[in-house]
Amino acid sequence: MGFLWTGSWILVLVLNSGPIQAFPKPEGSQDKSLHNRELSAERPLNEQIAEAEADKIKNTNPPESKPSERNYSSVDNLNLLRAITEKEKLEKGKQSIRSPPFGNTLDMEDVDSTKNRKLIDEYDSTKSGLDRKFQDDPDGLHQLDGTPLTAEDIVHKIATRIYEENDRGVFDKIVSKLLNLGLITESQAHTLEDEVAEALQKLISKEANNYEEALDKPTSRTENQAGKISEKVTPAAAVHDGFANRENDETVSNTLTLSNGLERRTNPRSEDDFEELQYFPNFYALLTSIDSEKEAKEKETLITIMKTLIEFVKMMVKYGTISPEEGVSYLENLDETIALQTKNKLEKNSTESKSKLYPVPSEKSHEETDSTKEEAAKMEKEYGTLKDSTKDANSNLGGKTDEAKGKTEAYLEAIRKNIEWLKKHNKKGNKEDYDLSKMRDFINHQADAYVEKGILDKEEANAIKRIYSSL
Amino acid sequence: MARRGGRVLLALCAALVACGWLLAAEAQEPGAPAAGMRRRRRLQQEDGISFEYHRYPELREALVSVWLQCTAISRIYTVGRSFEGRELLVIELSDNPGIHEPGEPEFKYIGNMHGNEAVGRELLIFLAQYLCNEYQKGNETIVNLIHSTRIHIMPSLNPDGFEKAASQPGELKDWFVGRSNAQGIDLNRNFPDLDRIVYVNEKEGGPNNHLLKNLKKIVDQNAKLAPETKAVIHWIMDIPFVLSANLHGGDLVANYPYDETRSGTAHEYSSCPDDAIFQSLARAYSSFNPVMSNPNRAPCRKNDDDSSFVDGTTNGGAWYSVPGGMQDFNYLSSNCFEITVELSCEKFPPEETLKSYWEDNKNSLISYMEQIHRGVKGFVRDLQGKPIANATISVDGIDHDVTSAKDGDYWRLLAPGNYKLTASAPGYLAITKKVAVPFSPAVGVDFALESFSERKEEEKGELMEWWKMMSETLNF
């Protein structure tokens, strides 16, 4: 179960793509041609005049309503979103590339130019702010000016605190505090819960491994930055060897900058560095330890799953949708889980064949049950979030969970294919970042237009917008 | 934070996808859905095409998915609303969606005009998805088609009727339930009967094209017209469609104009002026459908009279007389040539058969679209190069004219042969050109028309010249 989840995370991260290609569509013609009325030479004059007036009104209305809509619907989201994307961008070292695209859009004679300018302003003011905050105030839950910390930091902090105090009430206290301060919405709170649960689990497993390898841990942690960088580069390079792609250079250098960013993260993260060294060997060791005859099916399934997931990660990193560091960490997490579960299962089987009794396996299966229980609990939480969020007024999906799930699935798949194609189709293009924002604007505009026309539900449009804005 | 939330949702969804994949890998794919499981999505089934019936919400979703996957070449719009308020959705596929590029012909498919004739509706949804997929795969035929044509696909003209038909319990659907729109109007008998007018004009003299010119206002005020009918009429008037097909069910044949018999009898071959090209067009559809073009196929029902069927095609009137149909309305009110395709003996067959209907029709659907690039096409301009809209292009020997669109562009579908084309416009001198037309591709013929006033000026100039010369010679 666990690896499915991690695998799914990887799949999910497809959508965190970077470069998308040009999408030139002047806005005025979109509205007009939706009717295509001017093609007919036969329409009575009155009608044509009425049409022209209606179009005029139409053209003035959307631009007015949209900026306010945008602001209203996503101020909170936008803040956190920006915080997250800012952090990501920081790590990817693409900050410098960010500002010129928005500078370019200023030149576009576009109805949406006012929208873009707003974004630029906001980005400018918070960008530097976040930089400062990130360095100066690692402990507070929120900043003095009300902007929340990046979500990941919050999650880690809360998880750590819960772990330390061994009390789930900590989470509730913190979340209610955030809710009262209006820093997060309810749906975000639910999501936070999931994140924290996951981080907590990571913490626990880290600590468990910590305990096992206590001797080696301190040495790795006391290594200096340079050492850690080299550690990162080695596994990253190992991963990259698998990617036959000239973008490797970029990603390797990103990895270097990444490890610098990593230094600022909380403790659990640093422990990952050590384990990454053993990342591949771990899996292969397990594989060979599986008795080929008896566990052939297991082995094959494992291999297939592993291969697929590695392919996913490769693809993701190749397209730049996730950083190599993230890819490695997910695979590592996956590896852990596989190792644990398979080991348990094997031991259970081997003791079965040996003694045909179940005292020992029961212990192992108890462990297994624990981890699967956690996974199940996580699943329930996820599902619960899903359920709750559909009831929530601000939900991304309307209607029943099943339908909504299927629909979002379909839309996600479609968007993924679109972006894949755009990337493939425009390998030669250099203006990739620029076109991402343009694409996003286009999608936003189209989604709104479609809602007006009754082609899309409001919720669907929001879902699509959110997906694109999260890229 | 929203991104996180999105991630979580996506994680769940992606997990489901991964689950599905694994299940499939272990050959544990769940069997065909029971009636209650209509909502289940089989995403991975053949490139994202799920071969199941789409109700209105799913239809919308499917089209939105195609748009999301192929934003560069697609656009969704609506031509109006059904009686019960459902959008009459169209998905447009073209290299510049939303824009008529001068010289680029416009094509349309309309399905499910009879709500209980469901195969057409589904095929069109599959087609939209297929075109998107194939385009992204670089399928040359599809890429060229989409770059050179503007394709409009309306899966359902009668979504209300479909809902009624689909809501029937069990697999066996009634022959009539859901056929008409929510008002009980049979949409394919609801169009203004221009055939009648044409038949009169044939006897007494008068035009046989663009007959709606004077009737447009009447259309809007006509209370007998269903909202769906009105919406389509406006659609036809607004976009210079060149070729079209209207998908039905209940039999297996490609039917071409005229649908209404001249004498009013039940069966009579009623050819239109463009009988030759229409036979070719109909055959272009049927010949790629192995069942439709099978000469040894038994009729759909034991006592059916399919004596008029030739190579899977039939003249409308020869089969049975249909007044007020959309097919003939297209031909007589606009430049658009439309045929009616009957896709299935059973009007609303079981869901499991949809995939095989797709396999049978997929090549036909593509082949028929390609027919739009036949005959003659070009621009009608004045001597300064400015386009002349609404110019008339007539073909010697074929008593049916087409007109040029806003950019002066025209398209005249013709069977192979030698023709004389004449372009004319009020205030301009007509020009005739000889053209040899192959089977395909379309031959480009442009016209540069001289206006009367220009000619007058020319003649005046000539006269002055002559006078000057005379006066010089004769010394006065």
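Residues numbered from 1 in each chain as written. Chains lettered and ligands numbered in written order. Predicted model: local features only at pLDDT ≥ 70, side-chain atom pairs only at ≥ 80, totals over all residues. Heavy atoms only, no water.

### Re the overall build of chain B
Let me state the cut-off plainly: Numbering of helices and strands runs from the N terminus, with a helix taken as a DSSP run of H or I at least four residues long and a strand as a DSSP run of E at least two residues long. When a residue's accessible area, from a 1.4 Å probe over protein chains only, is under 20% of the maximum for its type it is buried; when over 50% it is exposed; and in between it is partly exposed. Residue contacts follow a heavy-atom distance rule, with two residues in contact if any of their heavy atoms lie within 4.5 Å. Here the accessible surface of atoms and residues is derived via Shrake-Rupley with a 1.4 Å probe, and residues count as covered only by protein chains that are part of the display.
Broken down by element type, chain B carries 13 helices and 17 strands. Burial analysis of chain B (476 residues in total) assigns 59% to the buried set. Taking as baseline every contact in chain B between residues at least 6 positions apart, the subset at least 24 positions apart corresponds to 74%. In the structure as shown, chain B presents an accessible area of about 18,400 Å², 54% of it carried by carbon and sulfur atoms.

### Observations concerning a negative patch on the surface
All names here are of chain B. Test applied: Patches in this entry comprise residues that are over 30% relatively accessible and not in a salt bridge; like charges within 9 Å are linked, as are nonpolar side chains (Val, Leu, Ile, Met, Phe, Trp, Tyr) within 5 Å. Each salt bridge in this description consists of a side-chain nitrogen of Lys or Arg and a carboxyl oxygen of Asp or Glu lying within 4 Å of one another. Note on charges: Lys and Arg go in the positive column, Asp and Glu in the negative column, and His and the chain ends are not counted at all. The location of each charge is read from NZ of Lys, CZ of Arg, CG of Asp or CD of Glu.
A surface patch of negative charge is lined by Glu458, Glu459, Glu462 and Glu465. Among the secondary structure elements, Glu465 is positioned in helix H13 (residues 452-474). Accessibility expressed as a relative area gives 52% for Glu465, which makes it exposed.

### Examining the pairing of strand S10 (residues 392-395) of chain B
Residue and element names in this part refer to chain B. Using the following cut-off: Think of it this way: DSSP has to see at least two bridges between two strands before they count as a pair.
Only one face of S10 is buried, namely the one carrying Ile393 and Val395, since none of Thr392 and Ser394 on the opposite face is buried. Here 3 bridges tie S10 to strand S11 (residues 398-403), and the two strands are oriented antiparallel to one another. For Ile393, the partnering residue across the bridge sits in S11 and is Val402. The antiparallel hairpin formed by S10 and S11 contains 2 residues in its connecting segment, where Gly397 sits at a positive phi of about 100°. Bridging between S10 and strand S13 (residues 417-424) involves 4 bridges; their strand directions are antiparallel. Each residue of the ladder has a partner; that of Val395, found in S13, is Leu421.

### Overview of a nonpolar patch on the surface
Residues and elements named next belong to chain B. Side chains of Leu463, Trp466, Trp467 and Met469 sit close together on the surface and give an oily, nonpolar patch of about 480 Å² of accessible area. Tracing the chain through its elements places Met469 in helix H13. Judged by relative accessible area, which is 44%, Met469 ranks as partly exposed.

### Thoughts on the sheet that holds strand S4 (residues 150-154) of chain B
Residue and element names in this part refer to chain B. What counts here: As a rule, the C-alpha atoms of each element are fitted with a line to give its axis, helices using only the stretch in contact, and angles between N-to-C directions run from 0 to 180 degrees.
Spatially, 8 strands are ordered S1-S2-S4-S3-S5-S8-S6-S7 in an open sheet, and the strand pairing comes out mixed. One side of each edge strand has no neighbouring strand; the edge strands of this open sheet are strand S1 (74-81) and strand S7 (313-315). Pairs of neighbouring strands in the sheet enclose a mean axial angle of 25°, with direction left out of account. Strand direction decides the pairing type here: strand S6 (residues 251-256) and S7, joined by 3 bridges, are parallel. Each bridged residue has a counterpart across the sheet, and for Ala254 the counterpart in S7 is Thr313. Sheet strands in contact with helix H3 (residues 119-137) are strand S2 (87-93), strand S3 (106-111), S4, strand S5 (241-248) and strand S8 (337-344), and its direction is about 140° off that of S4. Against the sheet, helix H9 (residues 275-286) engages S3, S5, S6, S7 and S8, with an angle of about 35° to S8.

### Considering the pairing of strand S9 (residues 376-382) of chain B
Residues and elements named next belong to chain B. Burial of S9 is extensive: 5 of the 7 residues sit out of reach of the surface. In the sheet, S9 pairs with strand S12 (residues 409-412) via 4 bridges, with the strands oriented antiparallel. By the bridge assignment for S12, Lys377 is matched with Trp411.

### Considering the packing of aromatic side chains
Geometry of an aromatic ring pair is reported as the spacing of the ring centres plus the angle between the planes. Residues and elements named next belong to chain B. Rules: Note on aromatic contacts: the rings of Phe and Tyr and the six-membered ring of Trp form a pair at centre separations within 6.5 Å, being stacked when their planes are under 30 degrees apart, edge-to-face when over 60 apart, and tilted otherwise. By the criterion adopted, a ring carries a charge over it if an Arg CZ or a Lys NZ lies within 6 Å of its centre and within 35 degrees of its normal.
The full count for this structure, using the stated rule, is 23 aromatic pairs over all chains. Taken together, a centroid distance of 5.1 Å and an interplanar angle of 80° make the contact between Trp235 and Phe241 edge-to-face. Residue classification places Phe241 among the buried residues on the basis of a relative accessible area of 1%. Here the guanidinium or amino end of Lys173 rests over the ring plane of Phe348, the centre of that ring lying 5.3 Å away.

### Quick notes on helix H19 (residues 458-469) of chain A
Turn by turn, an α-helix covers 3.6 residues, leaving residues three or four places apart pointing in a common direction. So the rule is basically this: Helix span is expected to be 1.5 Å times the residue number reduced by one.
Helix length check: H19(A), at 12 residues, gives a terminal C-alpha distance of 16 Å against a target of 16 Å (1.5 Å per residue), a fit within 8%. Restricting attention to buried positions, one finds in H19(A) the residues Glu460(A), Ala461(A), Ala463(A), Ile464(A), Lys465(A), Ile467(A) and Tyr468(A).

### A word on the nonpolar core
Residue and element names in this part refer to chain B. Counted only if it meets this: For the purposes of this section, nonpolar cores are sets of buried Ala, Val, Leu, Ile, Met, Phe, Trp, Tyr and Cys residues that join through side-chain atoms within 4.5 Å.
The biggest cluster of nonpolar side chains holds 123 residues, and the ones touching the most others in it are Tyr109, Leu127 and Leu131. Looking at this core element by element, the count peaks at 11 residues for H3. Non-local contacts of Leu127, meaning those with residues more than four positions away in its chain, are made with Tyr109, Ile153, Trp358, Leu365, Ile366 and Met369.

### Regarding the state of the cysteines
Residue and element names in this part refer to chain B. Quick note on the threshold: In this description, the term disulfide denotes a pair of cysteine sulfurs within 2.5 Å.
Here the structure, examined in full by the defined rule, presents 2 disulfides over all chains. What pairs with Cys70 in a disulfide is Cys132, and their sulfur atoms sit 1.9 Å apart. Taking the sign of the S-S torsion, about 95° here, the bridge from Cys70 to Cys132 comes out right-handed. Placement of Cys70 in the loop between helix H2 (56-69) and S1 and of Cys132 in helix H3 is noted, with a sequence separation of 62 residues between them. The buried category is assigned to Cys70, whose relative accessible area is 2%.

### Brief notes about the confidence of the model for chain B
All names here are of chain B. Definition in use: pLDDT is a residue-level measure of predictor confidence that goes from 0 to 100.
Put simply, chain B has an average pLDDT of 89, and 89% of its residues get 70 or more. Scored below 50 in pLDDT, residues 1-6 makes 24 contacts in the model with residues more than four places away or belonging to other chains. Taken together, the stretch residues 8-44 has pLDDT below 50 and engages in 61 contacts with residues farther than four places along the chain or on a different chain. Two summary scores accompany this predicted model of the complex, namely pTM at 0.57 and ipTM at 0.81.

### Points about the side chain of Thr314(B)
Residue and element names in this part refer to chain B. Among the secondary structure elements, Thr314 is positioned in strand S7. A relative accessible area of 1% places Thr314 in the buried class. Residues within four places of Thr314 in sequence aside, it is in contact with Val253, Ala254, Asn255, Tyr256, Ser308, Phe309 and Trp319.

### A word on the environment of Tyr320(B)
Residue and element names in this part refer to chain B. Position of Tyr320 relative to the elements: it lies in the loop between helix H10 (316-319) and helix H11 (326-333). Since its relative accessible area comes to 35%, Tyr320 is described here as partly exposed. The spacing of Tyr320 and Asp259 is 61 residues in sequence and 7.4 Å in space, taken between C-alpha atoms. Non-local contacts of Tyr320, meaning those with residues more than four positions away in its chain, are made with Arg189, Asp259, Ala266 and His267.

### Topic: the packing of H3(B) against helix H12 (residues 354-370) of chain B
Residues and elements named next belong to chain B. Operational definition: Roughly parallel means an angle under 35 degrees; roughly antiparallel, over 145; roughly perpendicular, 65 to 115; everything else is oblique. Working rule for handedness: look at the near helix, and if it is turned counterclockwise from the far one by less than a right angle, call the crossing left-handed; if clockwise, right-handed. As a working rule, the residues Ala, Val, Leu, Ile, Met, Phe, Trp, Tyr, Cys and Pro are called nonpolar, Asp, Glu, Lys and Arg charged, and the rest polar, with Gly in that last group.
Relative to each other, H3 and H12 sit at 65°, their axes nearing to 9 Å. As far as their axial angle goes, H12 and H3 are roughly perpendicular. Pair H3 / H12 crosses with right-handed handedness. In contact with Val119, Glu122, Leu123, Phe126, Leu127, Tyr130 and Leu131 of H3, H12 contributes Leu354, Tyr357, Trp358, Asn361, Lys362, Leu365, Ile366 and Met369. Of the residues belonging to the contact of H3 with H12, the class tally is 12 nonpolar, 1 polar and 2 charged.

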